[in-house]
Amino acid sequence: MSRILSAVQPTNNLHIGNYLGAIKQWVELQEGNETLFFIVDLHALTVYQKPETLSQNILDVARMYLALGLNPNKSIMFVQSHVKEHAELAWILGTITKMGELERMTQFKDKSAQHANNINAGMFTYPVLMAADILLYDTEKVPVGEDQKQHVELTRDLAERFNKLYGKVFTVPEPLISKSGARIMGLDDPAKKMSKSAASAYNYISLLDDVQTVKKKIKKAVTDSGTEVMGGASRPALNNLLTIYSLFSGKSVSALEKEFAGKGYGNFKDGLADTLNAFLEEFQEKFHAIKESEVRDILADGAARAVARAALKMAQIKETIGLL
Ligand code: TYM
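Residues numbered from 1 in each chain as written. Predicted model: local features only at pLDDT ≥ 70, side-chain atom pairs only at ≥ 80, totals over all residues. Heavy atoms only, no water.

A. Looking closely at the overall build of the chain. Counting its secondary structure elements, the chain contains 13 helices and five strands. Here the C-alpha radius of gyration of the chain, 21 Å, is about what a compact globule of 324 residues would show, namely 20 Å. Referenced to the eigenvectors of the C-alpha coordinate spread, the extents of the chain come out at roughly 70 × 45 × 40 Å. Each of the 324 residues in the chain was classed as buried or not, and the buried ones make up 51%. Accessible area of the chain: about 15,100 Å², with a carbon and sulfur share of 53%. When the 38 basic and 38 acidic side-chain charges of the chain are each reduced to a single mean position, those positions are 2 Å apart. (Helix = DSSP H or I, 4+ residues; strand = E, 2+ residues; numbered from the N terminus. Rg over C-alpha atoms; globule rule 2.2 N^0.38 Å. Buried < 20%, exposed > 50% of the residue type's maximum accessible area, 1.4 Å probe, protein only. Areas by Shrake-Rupley, 256 points an atom, 1.4 Å probe, with all protein chains shown as cover. Lys, Arg positive; Asp, Glu negative; His and termini not counted. Charge placed at Lys NZ, Arg CZ, Asp CG, Glu CD.)

What follows is the structure in structure tokens.
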């Protein structure tokens, strides 16, 4: 049994990369572990969000968590800003974080290039708040996609540095990255990861895309030269589509290659779109059936349970560093 924690930003709708890289694992990890899953609304503010859209996105992500299989009787589900200790600990950890460490973060480099007219201090210190999220709950394992590994490694460094300075207060967490699906690539560009903030909607499949949109996006998805449905070192587009197909169908990549041998890309893409649509239709039905009042109750209950833990840990941290 391990203490497991992870989170998603409520920016736009979630895509299948968020599901395959992170949330799919969370659902499995709920069994036999102590799990906390939350929505990082404070992190989302590092890029300007329209207030009414942000509130709606927070509720929608919570409904997505539930519709994808998170169970509030097994996991603590809450919103980051409802537990003020996250921001409080982030300040303290900021005092032991080096500027150079933050300058090296790939996500900061990408985001500052993408939002060149709003490179704010929050965007820079984003990983420190993420470290606070993790360390506040004595987390042992953090299930995330490949792109968050660097942030978890920084969290480990900060935990070790703090423990050396003040005595053992923090558990040093480990990233938990699945072998397959940890880096789903863009459908329009298999050299870059699938991303909510991509310029084109043809980059990703949103969990709320309808049947026709999914068909269109899969049809337009980039393929490698040739006609054979075969993965391999020089076939990044096919590898990506095969990974997605395999994870949603439960069939292995080699079984799919056999199934579509000699049948060409068209057939393969039809099969993939149908598989995705079967999953998404079932998900969306559940998503739309969940009432907002139910979500609010679950989040309020989750916040109360998270605060109870966070307040205790914060008291220990403050005492250790000499705050009265
Ligand atoms: P975010 O909201 O960007 O992404 C949420 C999760 O989805 C994974 N992911 C992907 N996995 C596979 N392929 C992709 N193309 C892909 N794109 C995204 C991410 O790796 C992540 O697991 N900083 C985090 C949120 C966060 C957090 C935390 C996570 C804040 N505090 C504490 C864990 C623990 C983020 O921006 O995720």
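So that's the structure; there's more coming.
B. Structural context of the domain arrangement of the chain. As far as domains go, the chain holds domain 1 (3–177 + 292–321) and domain 2 (201–287). Inter-centroid distance (C-alpha atoms) of domain 1 to domain 2 is 30 Å. Tallying the contact residues gives twelve residues for domain 1 and 13 residues for domain 2. Between domain 1 and domain 2 the total buried area reaches about 1,300 Å² when both faces are included, carbon and sulfur atoms providing 79% of it. (Domains from an automatic or database assignment. Contact = heavy atoms within 4.5 Å. Buried area = accessible area lost by both parts, 1.4 Å probe.)

C. Structural context of the environment of Ala237. One can find Ala237 in helix H10 (residues 236–249). With twelve residues separating them in the primary sequence, Ala237 and Ser225 have C-alpha atoms 9.6 Å apart. Setting aside chain neighbours within four positions, we find Ala237 in contact with Pro190, Val222, Thr223 and Asp224.

D. Local environment of the UniProt feature "short sequence motif: 'HIGH' region" (unreviewed entry) in the chain. UniProt records the feature "short sequence motif: 'HIGH' region" (unreviewed entry) at residues 10–18, using the numbering of this structure. As annotated, residues 10–18 has a helix share of 33% and a strand share of 0%, and its two end C-alpha atoms lie 12 Å apart. (UniProt positions renumbered as here; feature names shortened; annotations may be inferred.)

E. Just the packing of helix H1 (residues 16–29) against H10, in detail. It is the contact of H1 with H10, at a shortest axis distance of 11 Å, that shows an interaxial angle of 55°. Classified by the angle between their axes, H1 and H10 sit oblique to one another. The handedness of the crossing between H1 and H10 comes out as left-handed. Each of Ile16, Tyr19, Leu20 and Lys24 in H1 lies in contact with H10, whose residues at this interface are Ile244, Leu247 and Phe248. Class assignment of the residues belonging to the contact of H1 with H10 gives a composition of six nonpolar, no polar and one charged. (Axes fitted to C-alpha atoms, helices over the stretch in contact; angles between N-to-C directions. Parallel < 35°, antiparallel > 145°, perpendicular 65-115°, else oblique. Left-handed = near helix turned anticlockwise from the far one by under 90°. Nonpolar A, V, L, I, M, F, W, Y, C, P; charged D, E, K, R; others polar.)

F. Seen up close, the nonpolar core. By size, the foremost hydrophobic cluster in this structure holds 56 residues, and its most contacted members are Ile23, Tyr65, Leu207, Ile244 and Leu276. The residues that make up this core include at least three from each of domain 1 (3–177 + 292–321) and domain 2 (201–287). If you look at the next biggest cluster of nonpolar residues, it comprises 41 residues, including Phe108, Ala131, Ala310 and Met314. (Core = buried A, V, L, I, M, F, W, Y, C linked by side-chain atoms within 4.5 Å.)

G. How the structure looks around the pattern of salt bridges. The tally for this structure, following the rule as stated, stands at 15 salt bridges. Notably, a salt bridge pairs Glu34 with Arg309, separated by 2.5 Å at the nearest N-O pair. A residue pair is termed long-range when its members are at least 10 positions apart, and Glu34 in strand S2 (residues 34–39) and Arg309 in helix H13 (residues 292–321) qualify at 275 residues. Ionic pairing is found between Lys192 and Asp189, a salt bridge with its closest N-O pair at 3.8 Å. Residue Asp189 is classed as partly exposed on the basis of its relative accessible area, which comes to 25%. Members of the salt-bridge network, linked through shared partners, are Arg3, Glu34 and Arg309. (Salt bridge = Lys/Arg side-chain N within 4 Å of Asp/Glu carboxyl O.)

H. Structural context of the packing of aromatic side chains. Considering all chains together, one arrives at 14 aromatic pairs under this definition. Ring geometry for Phe78 and Tyr137: centres 6.0 Å apart, planes at 55°, overall tilted. Here Phe78 is found in strand S3 (residues 75–79), whereas its partner Tyr137 is found in the loop between helix H7 (121–135) and strand S4 (141–143), with 59 residues between them in sequence. Each member of the pair, Phe78 together with Tyr137, is buried. Where Phe108 meets Phe124, the ring centres are 5.0 Å apart and the plane angle is 70°; that geometry is what we call edge-to-face. Here Phe108, found in helix H6 (residues 106–114), pairs with Phe124, found in helix H7; they are 16 residues apart in sequence, far enough to count as distant. Aromatic ring contacts, followed pair by pair, group Tyr19, Phe248 and Phe279 into a single cluster. (Phe/Tyr/Trp six-rings, centres within 6.5 Å; stacked < 30°, edge-to-face > 60°.)

I. Broad picture of the packing of helix H4 (residues 85–94) against H13. Relative to each other, H4 and H13 sit at 25°, their axes nearing to 10 Å. On the basis of their axis angle, the class for H4 and H13 is roughly parallel. Where H4 crosses over H13, the handedness of that crossing is left-handed. From H4, Glu85, Glu88, Leu89 and Ile92 reach across to H13, where they touch Ala310, Ala311, Met314, Ile317, Lys318 and Ile321. A class-by-class count of the residues in the contact of H4 with H13 yields seven nonpolar, no polar and three charged.

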